[in-house]
Amino acid sequence: MEEMSPRPHFLVLTFPFQGHIAPALRLARRLLAAAPDALVTFSTTEAAHARMFPATPEADGAGVLPDGDEDGRLEFLPFPDGTEAGYVRSADPGAFNAYMASFHAAGARGVAGIVDALAARGRPVTRVVYTLLLPWAAGVARDRGVPSALYWIQPAAVFAIYHHYFHGHAAGVVAEHRRDPSFVVELPGLAPQAIGDLPSFLTDSTDPSDIFHSIFNTIRDLIETLDKESPRATVLVNTCQELEPGSLAAVGAHDVLPVGPVLPSGDESGIFKQDGAEYMEWLDAKPANSVVYVSFGSLASMAREQLDELLLGLEVSGRPYLCVIRKDVMTALAEAEAEVRGRLRSGVAVEWCDQVRVLSHAAVGCFVTHCGWNSVLESVASGVPMVCVPRMSDQRMNAQLVVREWRVGVRAQVDSGGVLRAAEVGRCVDEVMGDSEAAAEARRMAGKWKRMVAEATGKGGSSERNLMAFVDSARSTV
Ligand code: UDP
């Protein structure tokens, strides 16, 4: 017997990293747009919340979105992670694993309290939606009789790899194979992959002393959690059918719904403070397709040698460039900041920009990226070819999709010390922006995928239909 609940109310939970907050908040807004009567409570840790809304005056740290464009339908309620300041980068290799233990324990308790408090306030949650490092969220929801959905914010290919690895295929990815990064791994339904391109948490973090071992355990718990869902787990994926048809078909055990790319609808809050708009004016003055945009996301650090090589390569390429050098990266370079800035001739550096606006600007002709999944999706949606410089997590797989599957970019080779040399920067930028046939092809393919993605997310498109089906499912409780 199905009972109609008055309003769909999604509790969207996310890990406190920018690369998780952004797609979660974007999904929250898409859900609100898809159903005019829907409510969303968005929840990340207290420390991240405080960075997102530094001016929020409420004593308890909670607040309603300042611009109020959702008529109070979007509410922000943070949960504790057992720390004062959140995860603080540390030279101690155990620090991240200790943070994760605290995050899991305090987070699960805190989120349970939020679900109960919302019910007590007459605003009951009808669906819990959680991103990938919160496996306990499904259990918290299950205990309260609320259905949940995982929101997978990496490619479907990576989800399929983890799924099969933790379902009997770990033996193909063992330490002795890892010594040869080109060793080929075959997993059900997926194209053969070089072991070195698999998610790094599978190949590097199986050792308990690894600084990211807790991520390996968390993903394992997540995959096990999905198996406990009955009748089947719902997995929303930030991709679209057209981008990854094979990988989406490779996990038949769950209801896998591609709903992406989920992009921003206007300005959005994040945990980084943006530079002023001068860089947009700088872009306005540049010819179409002339600028190289460079960013390695919200987490990657950069050694001085790497920054020197990168800037040299960009200068020698002779093209204007816009380079993100985050404040924490600059701070780590200490006294070198003025000297680094003084070296910029044909380019400008910003600490943080509105990347989606930058990528949508006609002047931008290529994106030198670390291949974080958000960056890749934003570039594909904007039709900008990429130079891929992947480092860890899912980034090598993402680069494979860019280069091999969609043919919208090239993969830069790093030297034996992992450094991207200046000459390689120049070669790769030329390969996607120059006059060669290959560059023209990359630009043509980038245009093709841009159109494809716009169709998928537009009215009646594959992703839009999946999202609507999910929203409708949240109107009824069985
Ligand atoms: N980003 C941004 N401004 C910048 C650099 C990055 O808005 O100057 C955003 C970017 O648009 C993306 C996110 O930060 O949404 C980075 O996420 P991604 O998955 O690409 O990488 P991560 O930071 O998780 O490594």
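Predicted model, so just to flag it, every value in this text is computed and none were measured.

Section: the confidence of the model for the protein
Confidence in the prediction of the protein, expressed as mean pLDDT, is 92, and 94% of residues score 70 or more. Below pLDDT 50 for its whole length, residues 59-68 participates in 21 contacts with residues either more than four positions away or in separate chains.

Some words on unusual backbone geometry
The phi torsion of most residues other than glycine is negative, and most of the peptide bonds are trans. Residue Pro231 follows Ser230 across a cis peptide bond; omega there is 5°. Checked against the element boundaries, Pro231 lands in the loop between α8 (213-228) and β10 (234-237).

Brief notes about the sheet that holds strand β12 (residues 291-295)
Strand order in the open sheet formed by six strands is β14-β13-β12-β15-β16-β17, with parallel pairing between adjacent strands. Strand pairing shows two members of the sheet lacking a second neighbour, β14 (347-350) and β17 (409-411), which therefore form its edges. Pairs of neighbouring strands in the sheet enclose a mean axial angle of 15°, with direction left out of account. With five bridges connecting them, β12 and strand β15 (residues 364-369) associate as parallel partners. For Val294, the partnering residue across the bridge sits in β15 and is Val368. Sitting on the sheet, helix α17 (residues 422-433) touches β12, β15, β16 (386-388) and β17, and the angle it makes with β17 is about 160°.

Some words on the site of the ligand
Around the ligand, the structure places 17 residues, and the nearest of them are Ser298, Cys353, Asn374, Ser375 and Glu378. Within the side chain of His370, one N or O atom sits 2.8 Å away from an oxygen atom of the ligand. Note that an oxygen atom of the ligand is positioned 3.5 Å from one of the backbone N or O atoms of Trp373. When isolated, the ligand has an accessible area of 540 Å², and the protein chains bury 92% of it. At the level of secondary structure, the elements contributing two or more residues to the shell around the ligand comprise α1 (18-34), β12 and α15 (373-382). No other element matches α15, which puts four residues into the shell around the ligand. Looking at the shell around the ligand, its residues break down into six nonpolar, nine polar and two charged.

Some thoughts on the nonpolar core
The nonpolar side chains of a soluble globular protein tend to be buried, and buried together. In terms of nonpolar packing, the biggest core is built from 92 residues, with Phe10, Phe42 and Trp152 touching the most fellow members. No other element matches helix α3 (residues 95-120), which puts 10 residues into this core. Dropping the residues within four chain positions of it, Phe42 is found in contact with Val12, Thr14, Ile21, Ala24, Leu25, Ala28, Met52, Leu74, Glu75, Phe76 and Leu77. Counting 36 residues, the second largest nonpolar core, distinct from the first, contains Cys240, Val364, Trp406 and Val453.

Definitions and limits used
Residues numbered from 1 in each chain as written. Predicted model: local features only at pLDDT ≥ 70, side-chain atom pairs only at ≥ 80, totals over all residues. Heavy atoms only, no water. pLDDT = per-residue confidence, 0-100. Contact = heavy atoms within 4.5 Å. Helix = DSSP H or I, 4+ residues; strand = E, 2+ residues; numbered from the N terminus. Pairing = 2+ DSSP bridges. Axes fitted to C-alpha atoms, helices over the stretch in contact; angles between N-to-C directions. Near = heavy atom within 4 Å. Polar contact = N/O pair within 3.5 Å; in protein donor to acceptor, adjacent residues only side chain to side chain. Areas by Shrake-Rupley, 256 points an atom, 1.4 Å probe, with all protein chains shown as cover. Nonpolar A, V, L, I, M, F, W, Y, C, P; charged D, E, K, R; others polar. Core = buried A, V, L, I, M, F, W, Y, C linked by side-chain atoms within 4.5 Å. Buried < 20%, exposed > 50% of the residue type's maximum accessible area, 1.4 Å probe, protein only.

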